[in-house]
Structures are given as structure tokens and as C-alpha cells.
Amino acid sequence: MDQSVREIALKKSKRRALGWLIGAASLFLLTSVLKQSAIATEFGFVIGLIKMSSEAALVGGLADWFAVTALFKPIPSRWPIPHTNIVANNKAVIAENLSAFVKEKFFNPQAIETLIADSQPAQGAARWLIVEANAAKISRYVSDMVAGMLNVIDDKPIQAFLIAGFKRAIYRVDLGPLASGTLNVLTRDDRHQEILDQVINRIATVCEHPETQAMIALKLHDWMRTEHRRLEKFLPSTWLSEKGANVAVKAISSMIMDINDDPQHPVRIAFDNYLHEYIERVRNEPELAHKLDEMRVKLLENPSLHKYLTKVWMDLNSRIKQDLSEHDGHFRTHLSGALNNLGKAIDKDTKLAASINSHIAEAGRYMAPELAEFLTDHIQRTIESWDERDMAFQIELNIGRDLQKVRINGTLVGGFIGALLFLIEVTIENFY
């Protein structure tokens, strides 16, 4: 509701409560006058009942007017009596208590867990993503965000800052321990032997190709023509080259078979020893570490490499931006399809949805204390920064209409109690 509308409604409710109070005061004055007139002899009971009821109603209405008004305004305005203008005078207390209430009731781990359990965010997200238009909307937002990030990176000062930061980070890295640690990971559990197996098998596959055998035969033929010209005239060099190629291929295949079949083959052992020795050299030899540092400097400060990488980045950046800007671009299309499929998968798989909800709840419990601290501190500081009078006015604007009804109820209840007391008084008098 607009503030001006609320102000009009508040003024109307205040006038209505004041009307009831004036009505009670008018009845009290009227019955007080009538009680002294001749008509009181005939209608004394009715006049007495109305007088006491209006008197009690007036007292009740005035008491509630004081209570309601004392919340928001000083009474009187110039030299206020204690315990009036309560909201403005207790701004700091309200800020502290409200922030503590929000923190305790809304951001405790149990409340967060209950909220997630009741809302089932995974199922809700799945139902939303199943709608293709929603998945497309998310993909568009992500595309715009990525395009915005690329535009930021294209800014020359930011680009220079990022490159300088990247270089500083690379220069701080100690390459010796990094290289040795990486090699240790690669050689753990004989992983390097698996790589050797793949290399050997690849060589065997290449050697079996007719094109490879023909290439070896051609090389042998050229070697004989170059190194042994005289023999080449008398011997069938082409036949010998082909046979030599077959022999070479068979020899290579036989050696590969031996290496594959024997885990303790000398080639495997030599390869294993070389790698471990190299790891120790990288870890312990300053000269090798120095060479790695020199290689790093040459790579980072190489103008040709910089020029090449810049050109590659510009081309790649241009293509990415072009694709991101297109409504049916590859990025948007694939991302939208992936999100839509994700929604369908979650919707069909209850275990997957439950697992996602569990992880969200765990993240909520983890984030709740930090988030609560930030939000409650923001609430407290915001309230403390408000003007006291404006704060009291805003609160009155939101709950003042209900408080004016309290004033009306106080007038009515006071009148009812006054009538009841009058009847009790008359009963007692008649009894005695």
C-alpha cells in the first residue's frame, strides 16, 4: 500500500476513535445535567446507568488514548512525562532486540534445515527447469554474464593488471618441488608403466601398417643408393629393402612383445630408474632448478610468444562473443539443453533430488551463522541510523490503525464495565 494511502487511512481511524471518545464524553455531560433535573425522578435508573457507563467509557478511552499515543509521541510535547515517546526513546534497544530475534528465530541451523526440507528446492528447481523457456532464460543470463566478463577483461588497464598479477604468481612458484611433486603423482602405483604400455602398443600398431613398412623399405633403398652405390648396381636393392623392412618390423614387434610380457624387462627397469633419478635431480639439484627458472623467464618474457598468445586470445575472444550474442548460439543452445535435461533428471530421480536437498541443507547450515551475523548487523546498524521521529511515524503508519481500534475497544469495554458496576451497585442497595 502506498504511504499516502496509509496516512489517510491512519487519520481516518484516529478520527473514528476520537468520535467514540467524544460520544462518551457527551453522554457523560448530558446525563450529569439530566441527573440534576426533574426528569431524574422518573428515569433515574436509566440516567444513572447511562451516566456510569459513559463515565467508565470515557476513562477507558482516555487511558487507551494515552497508552497508544505514548508509544509514538511525547506527552506533553514540551515537557514530556516519563515513559512516553517509547519507540523513539528505545531505538537502540529495538534495533538490538530485533536483530537478535531475526538471528535466533530465522537463521538458526534448525530453522534453515526445516525451511529447506519443507520447500524441497531441488524438486522446485527441476519443475522450473523442465519448462524450456525457463532454461533458455537462465542460459541467456549466463551468456550475458560471460560476455560482460569478457568485456571487462578486454579493458586495457584491467588486462594489464591481470597479466602482471599472473606473472607475479608464476614467478612466486618454486618449480623444483612442483615438478618433482607432479612427477611423483604421475609415477605413483606404477602409472608411468601404463603410459609406457600405451606408447609401446601404439608403436606396434604403427609398425604393422603397410604404409610404415613401405616407408622403411624406401629409407633402406635410399640408404643403399647413397652409401653403397656400387653394390646397389649388382644387388636387387628393392627386394633387399623390402625384406629388410620386414625383418626390422618383425624385430621391433618381437622386442615389443617381450617388453609387454615381462614386467621385469630391462627396458621397463631402465625407464623406471631413469624417472626416479630424474625426480631426485629435480628435487635436489640446484642447477636443474635454475634451468627450470630460466625456461620460465624465457617463456614469460618472450615477445613472440606474447604476440602469438595475444592473437590467439583475440580470435578466440571474438568468436566467443559472437556466439554469445546469437540467440541460437552454440553456448546458449547447449547450456539451455543441459539445464533442461538436468531438470528432467532431478524430477525423475527421487534419490538424486534428495541428495541435492541434503547438500543444500548442509550448505545452509554452514552458511547460516555467517549470513545471520551479516544480516542482523545490517538490520541493527540500519535501524540505529534512522531518525527517531521518522522511525516512530513509520511504525505507527503500519500498526497505528489497529491501535486506534484498541482505543475504540477500550471505550466500549469501559462502558460495559461501568454498566455492570452500576447494576451491581443498585442490586446491593436494593438488597439492604
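Scroll up a little and you will see the structure.
Residues numbered from 1 in each chain as written. Predicted model: local features only at pLDDT ≥ 70, side-chain atom pairs only at ≥ 80, totals over all residues. Heavy atoms only, no water.

Points about the nonpolar core
Ranked by size, the top nonpolar core spans eight residues in total: Val68, Phe72, Val87, Ala95, Ile383, Met391, Ala392 and Leu403. If you list the elements that add at least two residues to this core, you get α2 (40-72) and α19 (388-431). If near-sequence neighbours (up to four positions away) are discounted, Phe72 is found in contact with Asn85, Val87, Ala392, Ile395, Glu396, Ile399 and Leu403. By size, the runner-up hydrophobic cluster in this structure holds seven residues, among which are Ile112, Ile116, Ala361 and Ala372. (Core = buried A, V, L, I, M, F, W, Y, C linked by side-chain atoms within 4.5 Å. Buried < 20%, exposed > 50% of the residue type's maximum accessible area, 1.4 Å probe, protein only. Helix = DSSP H or I, 4+ residues; strand = E, 2+ residues; numbered from the N terminus. Contact = heavy atoms within 4.5 Å.)

Describing the side chain of Ser54
By secondary structure assignment, the location of Ser54 is in helix α2. Judged by relative accessible area, which is 4%, Ser54 ranks as buried. A distance of 2.9 Å separates a polar side-chain atom of Ser54 from the backbone oxygen of Lys51. With residues near it in sequence (within four places) discarded, Ser54 still touches Ala24, Leu27, Phe28 and Thr31. (Polar contact = N/O pair within 3.5 Å; in protein donor to acceptor, adjacent residues only side chain to side chain.)

A look at the packing of aromatic side chains
Counted according to the given criterion, the structure contains two aromatic pairs. Summarising the aromatic geometry, the rings of Phe45 and Phe422 are spaced 5.6 Å apart at their centres and angled 55° between planes, so their arrangement reads as tilted. One end of the pair, Phe45, is in helix α2; the other, Phe422, is in helix α19, with 377 residues separating them in the sequence. Residue Phe45 is classed as partly exposed on the basis of its relative accessible area, which comes to 43%. In this structure Phe422 comes out as buried when scored by relative accessible area, which is 11%. Ring geometry for Phe101 versus Phe106: centroids 6.0 Å apart, planes at 75°, classification edge-to-face. Judged by relative accessible area, which is 44%, Phe101 ranks as partly exposed. The exposure class of Phe106 is partly exposed, given its relative accessible area of 49%. (Phe/Tyr/Trp six-rings, centres within 6.5 Å; stacked < 30°, edge-to-face > 60°.)

Some remarks on a nonpolar patch on the surface
A cluster of nonpolar side chains, namely Leu27, Leu30, Ile39, Phe43, Phe45, Val46, Ile50 and Leu423, defines an oily patch on the protein surface of about 660 Å² accessible area. Mapped onto the nonpolar patch, the elements with two or more residues apiece are α1 (3-35) and α2. With four residues, the single largest contributor to the nonpolar patch is α2. (Patch = residues over 30% accessible without salt bridge, like charges linked within 9 Å, V, L, I, M, F, W, Y side chains within 5 Å. Areas by Shrake-Rupley, 256 points an atom, 1.4 Å probe, with all protein chains shown as cover. Salt bridge = Lys/Arg side-chain N within 4 Å of Asp/Glu carboxyl O.)

Side note on the pattern of salt bridges
What the rule picks out here adds up to ten salt bridges. The salt bridge involving Lys51 is made with Glu55; its shortest N-O contact spans 3.8 Å. Residue Lys51 and its partner Glu55 are both found in helix α2; the two are separated by four residues, about one turn of the helix. Note on Lys51: relative accessible area 18%, which makes it buried. Between Lys311 and Asp315 there is a salt bridge, with its nearest N and O atoms 3.5 Å apart. With Lys311 and Asp315 both in helix α16 (residues 303-325) and four residues apart, the pair spans about one turn of that helix. Judged by relative accessible area, Lys311 falls into the exposed class, the value being 54%. In the salt-bridge network here, residues are joined through shared partners; they are Lys14, Lys73 and Glu396.

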